[in-house]
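Tertiary structure, described
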Protein chains: 4
Amino acid sequence: MNRHEAAASLVSEVLATRRKTIRLTEPLSAEDAVVQSMPDASPAKWHLGHTTWLFDRVLQTIGVPQTSKHYEYIFNSYYNALGKFHPRPRRGMLTRPSLDEVLAYRRAIDARLADLEGSPRLAEIAPALELGMHHEQQHQELILTDIKTLFAANPLLPAYATHPAVGEVNRGGRSVGPQPLAFRAFDGGLFEIGHGNQSFCYDNEAPRHKVYIAPFSIATRLVTAGEYLAFIHDGGYERPLLWLSDGWAWVNANAKRGPLYWAMPERGSREPPRVFTLRGERDLDEDSPVCHVTYYEADAYARWAGARLPTEAEWEVAATAANTEASGNFADEEHFHPIPAQRSSPSSSGALPELAQMMGDAWEWTQSAYLPYPGFRTVEGAFAEYNGKFMVGQMVLRGGSCATPRGHVRITYRNYFPPNAEWQFSGIRLAKDP
Amino acid sequence: MNRHEAAASLVSEVLATRRKTIRLTEPLSAEDAVVQSMPDASPAKWHLGHTTWLFDRVLQTIGVPQTSKHYEYIFNSYYNALGKFHPRPRRGMLTRPSLDEVLAYRRAIDARLADLEGSPRLAEIAPALELGMHHEQQHQELILTDIKTLFAANPLLPAYATHPAVGEVNRGGRSVGPQPLAFRAFDGGLFEIGHGNQSFCYDNEAPRHKVYIAPFSIATRLVTAGEYLAFIHDGGYERPLLWLSDGWAWVNANAKRGPLYWAMPERGSREPPRVFTLRGERDLDEDSPVCHVTYYEADAYARWAGARLPTEAEWEVAATAANTEASGNFADEEHFHPIPAQRSSPSSSGALPELAQMMGDAWEWTQSAYLPYPGFRTVEGAFAEYNGKFMVGQMVLRGGSCATPRGHVRITYRNYFPPNAEWQFSGIRLAKDP
Amino acid sequence: MNRHEAAASLVSEVLATRRKTIRLTEPLSAEDAVVQSMPDASPAKWHLGHTTWLFDRVLQTIGVPQTSKHYEYIFNSYYNALGKFHPRPRRGMLTRPSLDEVLAYRRAIDARLADLEGSPRLAEIAPALELGMHHEQQHQELILTDIKTLFAANPLLPAYATHPAVGEVNRGGRSVGPQPLAFRAFDGGLFEIGHGNQSFCYDNEAPRHKVYIAPFSIATRLVTAGEYLAFIHDGGYERPLLWLSDGWAWVNANAKRGPLYWAMPERGSREPPRVFTLRGERDLDEDSPVCHVTYYEADAYARWAGARLPTEAEWEVAATAANTEASGNFADEEHFHPIPAQRSSPSSSGALPELAQMMGDAWEWTQSAYLPYPGFRTVEGAFAEYNGKFMVGQMVLRGGSCATPRGHVRITYRNYFPPNAEWQFSGIRLAKDP
Amino acid sequence: MNRHEAAASLVSEVLATRRKTIRLTEPLSAEDAVVQSMPDASPAKWHLGHTTWLFDRVLQTIGVPQTSKHYEYIFNSYYNALGKFHPRPRRGMLTRPSLDEVLAYRRAIDARLADLEGSPRLAEIAPALELGMHHEQQHQELILTDIKTLFAANPLLPAYATHPAVGEVNRGGRSVGPQPLAFRAFDGGLFEIGHGNQSFCYDNEAPRHKVYIAPFSIATRLVTAGEYLAFIHDGGYERPLLWLSDGWAWVNANAKRGPLYWAMPERGSREPPRVFTLRGERDLDEDSPVCHVTYYEADAYARWAGARLPTEAEWEVAATAANTEASGNFADEEHFHPIPAQRSSPSSSGALPELAQMMGDAWEWTQSAYLPYPGFRTVEGAFAEYNGKFMVGQMVLRGGSCATPRGHVRITYRNYFPPNAEWQFSGIRLAKDP
């Protein structure tokens, strides 16, 4: 593919990505799309406008006129370099522009993007368009997580999705019980992690660099809801010595007794919790990975289990060995919830245990704080604020989730959230010293 | 009119009132109707549902089946006696039921109300229906005040109303400048105030009872925006001695420099403030009554002006003398903002000055705390919580506003809000010791 | 007594009052005297300095030089007209000046006050000195209430007073059980209340003015702790319909199950609560008046008891009839806690029931908001901010408490606190419509 | 020294350390020692009691009876495993036990410690005694930092220390101007960091482990106050692109314009700020290291300076090369404030630049989050909660400060505070990629 073809193909990819965003918002009414459930979450309409605004800004750099001064203010998220912006906790006030107007804005920008196909200036903005596409995918995930907090706040507990998941149709009979928990050992040594910039990546994944890692073991699958329930039944939320100090304060300040979206039964009862999902409320599925846990909960569970969380370098080394980038339970399967790890086929004796669920299902909390790699540089220009300015107070998560668009994440992909974030599909993979 | 006719006429009145509610929400999109701008305000859709739920409850007392268990929970406002209810600050989470579903709920209940016309059980619930109608009118006013806070929070500053006001069409040429400020003196003595229950009133207006009032004078019109601006220019918001202690703390905690919805120019500038109204943002109209002031601001202004606020007994005695219940700038005129007091026609010498704007335009803060009248009894039954439980920490306002439906308020009508409430159309009428 | 003698006698009185302040702080260490337990309370050392500062300011008006610019800033409470002042919630940061330095400041000002006895300028400041003396008495009460909150916050639960009360020594044998609850009826009519200014009073007690009062009855004694316990056992803190709306919110926000300083037993248990007093923790004395209740609790109790609280006018009319100003359980008796009403001696048939405990024991919440009397004027000059600026959001309490210095309160005396204030010795007297 | 002698020597060391604590509190009155200036700081009296309680607990393990059940509750800081404890933000309520009683408690425990010298059970608790001694030193530093926040909150701005510093006496003439800023380059490679447990260290310093470090340079001294002032004058606190996102929010939420304890002149003025120190307020000394900066400020300054902060591994490698553990401006010199780096003597050509101020003066923020080293294990037993449970949300600081007791810190020592902590003596050393 020559450079001209590559650029044309990029425009197609961008437009295809943008159509997926629309598909994800189809189950939402205009009312669903306007309300903000909490300061951390944004209305779906705002996501639709913000992702469009980013392309609008990119187009402006090659002389395409601005669509609306108001949209500039409304749909800028946090780029101080690009001017003043509407405060994040007030995004839910924006009943105007209407959803229809925002969709028209999308169509207008999409038309201009389509016009780029033959444009001599396309190459100039191709890197920014590529960033815009990956940025749009991030917001696809946020549309799902944010609508989940909104629907969970509604006493009617509406379901976002009601049709069968793609996976359910394709998968056929399911095995009974989850894959038994095992650990796969890795030798220590000097490794390279991070992205080499041979293809698209975010600035925070680079540069590729050496790290020394001591020998470690890592679990072959995510912690299940059933295992997590055992932790709860063993007094998990009542024993301070299992928790980080901040975590214990968080448990008490919020009177936590289980993960977000678990409706715990009366204290003392052993009835199973009911769980709210994007497919409505249902009984706890013990074989599915637990998700929506905070770093505090992940860490406490690991301590209770006599293990720990992996570092991001350990995770990346293990994922590289597992080599499972392509497969996984992503948003495209439309489960919109983690599913049990399949029992692996009986492996020949002596084979290393496979690492399941490394990609998709649930983001995996690592024991690494989100900090710059050695030699880190922010991108130049308008989007310099993309990643670097968040490098304090957050922990790294790896691997993507059931709400991540397939093709968005990579083995080197670094997601990050504060330790008390719980509205993302965040789960637990255990690690151990050898 | 015999009792049968009266009851049938009540049903017509109720249905007419409910049609007016729908008319008020017509300028709103489904998106406008779902968002809650602050804990004190409710979404228009919630108002539509809540007023309907009240009639639903009334109908249930004569055996009409409940419409929806969910609506019971969602649309109860604060009646502990009627069961658990959705927390007020979370009313904006209710993207479901949709606006269409709530409008269908309204139509279903309206149909059952219409069926009552010939019903033998109509008389039984007539008092509750009448209460429901007045209750609905209160929420008509709240729909207007609440949508105003929402639109003011939108950087696009949308206008709620764009068609000419009824009053503008009818009124013809307007006099230049407001009526000059004058005071009308009243003798002291023993008076009766409160409602005698000869027709509908709220429980808090009764019983009619004796009060002794010392001689006083009361202003012939409301304080204008221009007069209030002079207070600001004279350092009104910078001089602690003009303020109640709580008021001064409120000024500082909120960095107040003018009333709600006034966009004050840079400190030092004497440019006129821009003012947000339900008809969009516009230059300050100096002749219109100031509104959206808190009790703190009303009290500080009065102190600055060498006057005070009237007590509710003084106000009621003056309003009774003024005898102007019917006329006034109410919501039905569709100004949706206070308008200047008309210069009264040259009165024959010796006539007492007329009291303008007693009804409509802006609620008038009184110096009276909202407390029970001697011998006060709450209504019996389900709606016992209607008024009495709010009798602490609030001040009485009198006279209705430009957002009040005509026919809703009475001379004896007691409205009440906390001293820091500013989103109602609340204004200032001065009083003096003789 | 001629004017010269009167003035000289005033100086003696002032100095005697100031000696009593010292006596009250004698049980306190320097450490006890410096700490601020909550923003509403002040350290005892600050009270010692502030009351002195007020006399310092008075002396300055006749040319006595200021003692310290720093003290001016530190010990001004809230007089904006007198300059900037140290923020109230930071009074507990003042470890310097030391208690010894503040006591030296007191002695220095006392010496200057003593010097006034023969001064030709004494008469000029006599009214301000009198105000200063009454002001000092108010702070004597606050020293007691504020140290009580501090000691209650200490896990050692120290006792402020350990010597026998004056009353205990004098009183001899006590009757068994409290006086039975009875109500005394009053005819309605036109009354005069308020202070006529024939002797010292605060500005808020004047002017004397007419009020019309409907017939009413008032309880012959305060509600006892035992009666209040019955309210609790009857679900008092669990039944929303008993409470004002703000009160119910307060109960829930603070998880209240009983009054301040009552250590309630486990839910379900009927063990008597332990009660923290200025004499240490002890078992609940069921016959003593309940105290440290908020307006919310007083109002809820009254509703539960089928009664209501009196208005301040009713209270004043009743107290005038009772004519018991002089006697009562005041701070001078050094009980520092309310004591049971004595059974009155068998009265001759037909005699009206006596009204016990009108003065002393516990401040009595009235159903009246703290508002200006008709014709109210603040005092002129430096102390204009004394009372008037607090006339919003508070309720009137009458009659003084076991922490009030004898001679400080009058029948016309208006104390005032917000409805959620609980650290004062505030109790309940019931009233009824006839 | 045989094992017996070593243990006896340990007792002497412990007692000597404890005497130093007393010396540090000598300038404080009982009042100074009881007040808590903010939740993060503790009263000096509490520090005196808490450090004693730790030895009390240690003694109990060999059968010495508990001194007081109350002290157990009051002086436990945060050890959930050791029972309930008094809430941290309420430590300032403890006016009882008095300072005298706490000093008596110290003497009683000291006597029991002295009795250990010949005890056969000494060896058994020697490790715990050693931990207690180092723990006591940490609290010596906190006594200084905490009293500084208290005195800064006092409008009198009292000085903690007034006698000449030991250093001032010894040091003789001071060079003019600080040492010019230079960077020393280090090659990358595989290093070992962490403590090898060959002598006392905290659990979080171990195990010694390999890390790979890329080539880097590190500044030869700390950033001075004058350099930091240039950052401020260049709009440092007004340019969002210089800040981490959380940092910028912190700047705005707190209206920050300079570091803690700097009294900034009016906006626009270039007058030098006044600075509050433990020796009272004084003009800014431009040559001294800036201190009391948050991680946010350190990071923003570094970005402005075109540099970055070092990682803790880089710092440790550099400090090991610098080999300056023993010397430095520690608390023992009694400056109680950072002092300018001395101009190094003219080094022979080709010599590497010396690294000044690595130990003492100011803790140095690193770019490393406080996380467990590979293979980290908490100590067993009662003090397992000492360090590990704080391993989230904090950044590592290295090198000790002018408030740290000499001998307390090591090159491997890891201090940690949240990124918004400013009351410690925390400063800035720059680093760069090569």
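Structure first, text after, so check above.
Heads up: these notes are all about the structure in this document. (Residues numbered from 1 in each chain as written. Chains lettered and ligands numbered in written order. Predicted model: local features only at pLDDT ≥ 70, side-chain atom pairs only at ≥ 80, totals over all residues. Heavy atoms only, no water.)

The next subject is the overall build of chain A. The secondary structure content of chain A amounts to 11 helices and 12 strands. Summarising its shape, the C-alpha atoms of chain A cover approximately 60 × 50 × 45 Å along the three principal directions. In chain A, which comprises 434 residues, the share counted as buried stands at 58%. For chain A, long-range pairs separated by at least 24 residues make up 80% of all intrachain contacts whose partners lie at least 6 apart in sequence. Just so you have it, chain A exposes about 16600 Å², and 52% of that area is on carbon and sulfur atoms. Charged side chains of chain A number 43 positive and 50 negative; the gap between the two group centres comes to 2 Å. (Helix = DSSP H or I, 4+ residues; strand = E, 2+ residues; numbered from the N terminus. Buried < 20%, exposed > 50% of the residue type's maximum accessible area, 1.4 Å probe, protein only. Contact = heavy atoms within 4.5 Å. Areas by Shrake-Rupley, 256 points an atom, 1.4 Å probe, with all protein chains shown as cover. Lys, Arg positive; Asp, Glu negative; His and termini not counted. Charge placed at Lys NZ, Arg CZ, Asp CG, Glu CD.)

Within this structure, the stated rule accounts for 104 salt bridges over all chains. When the shortest N-O distance is used, the salt bridge between A:Glu227 and A:Arg221 registers 2.8 Å. Since its relative accessible area comes to 3%, A:Arg221 is described here as buried. Note that C:Arg308 is salt-bridged to C:Asp433, the shortest N-O span being 3.0 Å. With C:Arg308 in the loop between α10 (295-304) and α11 (312-322) and C:Asp433 in the segment after β12 (431-432), this pair connects stretches of sequence that are 125 residues apart. (Salt bridge = Lys/Arg side-chain N within 4 Å of Asp/Glu carboxyl O.)

All right, on to helix α3 (residues 44-60) of chain A then. For an α-helix, the turn length of 3.6 residues means that residues three or four places apart are oriented alike. In this model α3(A) runs 24 Å from its N-terminal to its C-terminal C-alpha over 17 residues, within 8% of the 24 Å that 1.5 Å per residue would give. Across the 17 residues that make up α3(A), a large majority, 15, are buried. (Expected span 1.5 Å × (residues − 1).)

As a further point, take the packing of helix α8 (residues 225-233) of chain B against helix α10 (residues 295-304) of chain B. Residue and element names in this part refer to chain B. Their axes nearest at 11 Å, the elements α8 and α10 cross at an angle of 80°. On the basis of their axis angle, the class for α8 and α10 is roughly perpendicular. Taking contact as the criterion, the partners of Glu227, Tyr228, Ala230 and Phe231 in α8 are, on α10, Glu297, Ala300, Tyr301 and Trp304. By residue class, the composition of the contact of α8 with α10 is six nonpolar, no polar and two charged. (Axes fitted to C-alpha atoms, helices over the stretch in contact; angles between N-to-C directions. Parallel < 35°, antiparallel > 145°, perpendicular 65-115°, else oblique. Nonpolar A, V, L, I, M, F, W, Y, C, P; charged D, E, K, R; others polar.)

Counting from both sides, the interface comprises 29 residues of chain A and, opposite them, 29 residues of chain B. Taken over both partners, the interface formed by chain A and chain B buries close to 2400 Å², and the fraction arising from carbon and sulfur atoms is 60%. Of all residues in chain A, A:Glu31, A:Met93 and A:Arg96 bury the most surface against chain B, accounting for 30% of the area lost on that side. Taken together, the links from chain A to chain B amount to four salt bridges. Linking A:Asp32 and B:Arg96 is a salt bridge whose minimum nitrogen-to-oxygen distance equals 2.7 Å. (Buried area = accessible area lost by both parts, 1.4 Å probe.)

Rotating chain B by 180° and moving it 0.0 Å along the rotation axis overlays it on chain C with an RMSD of 0.0 Å. Such values leave the two copies arranged in the relation of a two-fold axis. In this assembly, 100% of the residues forming the interface of chain B have copies in chain C that are likewise at the interface, indicating an isologous arrangement. (Least-squares fit on C-alpha atoms with pLDDT ≥ 70 in both.)

Before going further, it helps to examine the relation of the copies chain A and chain B. Relating one copy of the chain to the other takes a rotation about an axis and a shift parallel to that axis. In screw terms, the move from chain A to chain B is a rotation of 180° and a rise of 0.0 Å along the axis, fitting with an RMSD of 0.0 Å. A symmetric contact is evident, with 100% of the interface residues of chain A recurring at the interface of chain B.

Attention shifts here to the sheet that holds strand β4 (residues 216-219) of chain D. Backbone hydrogen bonds are what pair the strands of a sheet, in a parallel or an antiparallel way. Residues and elements named next belong to chain D. The strand order β1-β4-β12 describes an open sheet built from three strands, whose pairing is antiparallel. The sheet is open, and its two borders are formed by β1 (183-186) and β12 (431-432), each paired with just one other strand. Pairing analysis gives two bridges linking β4 to β12, with the strands arranged antiparallel. Each bridged residue has a counterpart across the sheet, and for Ile218 the counterpart in β12 is Ala431. (Pairing = 2+ DSSP bridges.)

Residue and element names in this part refer to chain A. Scanning all chains against the criterion turns up 116 aromatic pairs over all chains. With a centroid separation of 5.1 Å and 5° between ring planes, the pair formed by Phe186 and Phe216 is classed as stacked. Highlighted residues: Phe186 in strand β1 (residues 183-186) and Phe216 in strand β4 (residues 216-219), separated in sequence by 30 residues. The exposure classification of Phe186 matches that of Phe216, with both residues buried. Linked through ring pairs, Trp53, Tyr78, Tyr79, Tyr370, Phe383, Phe390 and Tyr416 together constitute an aromatic cluster. (Phe/Tyr/Trp six-rings, centres within 6.5 Å; stacked < 30°, edge-to-face > 60°.)

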